Amino acid sequence: SMASASEQNAQADGSADLRARMMRATYGVMRSVYSAGVLSRFGVERYTSSIDRNSLGTFESYRQTVLRLVRSAVNLSATPFRDDELAWLYNEAAVLGLFQGRQFDANFLFEQAIRITKRFEIGGSGAVRRRIILNQALCRIELGQLDRGRDLLNQVIAVESETPTLRLVARGYQALI
């Protein structure tokens, strides 16, 4: 009985390790060749005759895959992802939701991503956090929360950094308000 319990634990550890490695492989593909930026460049209109009208669509299918990966990682006793990777996954799902008009879902996911950045970026003004805040600002503007959107954009603009592009994009978004 003791041997079978330890064999079961070893088997469970092996399957958990395999699951973690599979999740890391999926993340690698998502991060390198199959991201929201890549999907947004697909010429879907050329293929509309071959698309199953009952399918979820490219963005929704990918968004659900990202969310499944996040849920699976969070449910493991030891997540296979570093905090910056989890923040990227939450932000990726949020951006996809924003593309699809799911602003409330997107806003919640942006909040989760920002919360995670506090674990690895000192002072709350790192580049990862500012990129997520920039995305969330656009979400808030689309929700009609113009003052909150402006406040978020001002947070991005206030930080002088090695990435001036973020500040310029934030200034451009201010023109929407």
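Residues numbered from 1 in each chain as written. Predicted model: local features only at pLDDT ≥ 70, side-chain atom pairs only at ≥ 80, totals over all residues. Heavy atoms only, no water.

Student: So, the confidence of the model for the chain: which residues are in play, and what are the values?
Tutor: On average, the chain scores 83 in pLDDT, and the residues at 70 or more come to 80%. The least confident element of the chain, judged by mean pLDDT, is helix H2 (residues 36-39) at 61; the most confident is helix H5 (residues 103-117) at 97. The low-confidence segment residues 1-11 (pLDDT under 50) makes zero contacts with residues lying over four places distant or belonging to another chain. Counted against residues more than four places away or in other chains, residues 45-51, with its pLDDT under 50, gives two contacts. (pLDDT = per-residue confidence, 0-100. Helix = DSSP H or I, 4+ residues; strand = E, 2+ residues; numbered from the N terminus. Contact = heavy atoms within 4.5 Å.)

Student: I'd like a rundown of the packing of helix H3 (residues 58-75) against helix H4 (residues 83-99), residues and numbers included.
Tutor: Interhelical geometry of H3 versus H4 gives an angle of 150 degrees and a closest axis separation of 9 Å. It follows from the interaxial angle that H3 and H4 lie roughly antiparallel. Read as a crossing pair, H3 and H4 show a hand that is left-handed. For the pair H3 and H4, the contacting residues are Phe-59, Tyr-62, Arg-63, Val-66, Leu-67, Leu-69, Val-70, Ala-73 and Val-74 in the first and Leu-86, Trp-88, Leu-89, Tyr-90, Glu-92, Ala-93, Leu-96, Gly-97 and Phe-99 in the second. The residue inventory of the contact of H3 with H4, partitioned by class, reads 15 nonpolar, one polar and two charged. (Axes fitted to C-alpha atoms, helices over the stretch in contact; angles between N-to-C directions. Parallel < 35°, antiparallel > 145°, perpendicular 65-115°, else oblique. Left-handed = near helix turned anticlockwise from the far one by under 90°. Nonpolar A, V, L, I, M, F, W, Y, C, P; charged D, E, K, R; others polar.)

Student: How would you sum up the packing of aromatic side chains? Please name residues and give values.
Tutor: Taken as a whole, this structure holds two aromatic pairs when the rule is applied. On the numbers, 5.4 Å between centres and 50 degrees between planes, the contact of Tyr-27 with Phe-81 is tilted. Residue Tyr-27 is located in helix H1 (residues 2-32), and its partner Phe-81 is located in the loop between H3 and H4; the two are separated by 54 residues in the primary sequence. Residue Tyr-27 shares its accessibility class with Phe-81, and that shared class is buried. Plain terms: the ring middles of Tyr-27 and Trp-88 are 5.6 Å apart, the flat faces sit at 90 degrees to each other, and that makes the pair edge-to-face. Taken as a pair, Tyr-27 in helix H1 and Trp-88 in helix H4 lie far apart in primary sequence, 61 residues in all. Judged by relative accessible area, Tyr-27 falls into the buried class, the value being 5%. Trp-88 sits in the buried class, given a relative accessible area of 15%. Every member of this aromatic cluster is reached through a ring pair, and the members are Tyr-27, Phe-81 and Trp-88. (Phe/Tyr/Trp six-rings, centres within 6.5 Å; stacked < 30°, edge-to-face > 60°. Buried < 20%, exposed > 50% of the residue type's maximum accessible area, 1.4 Å probe, protein only.)

Student: Break down the environment of Leu-166 for me, with residues and values.
Tutor: Structurally, the position occupied by Leu-166 is in helix H8 (residues 164-174). C-alpha of Leu-166 to C-alpha of Val-156: the two residues are ten residues apart in sequence and 7.1 Å apart in space. Ignoring any residue separated from it by four or fewer positions in sequence, one finds Leu-166 in contact with Ala-127, Arg-130, Arg-131, Leu-134 and Val-156.

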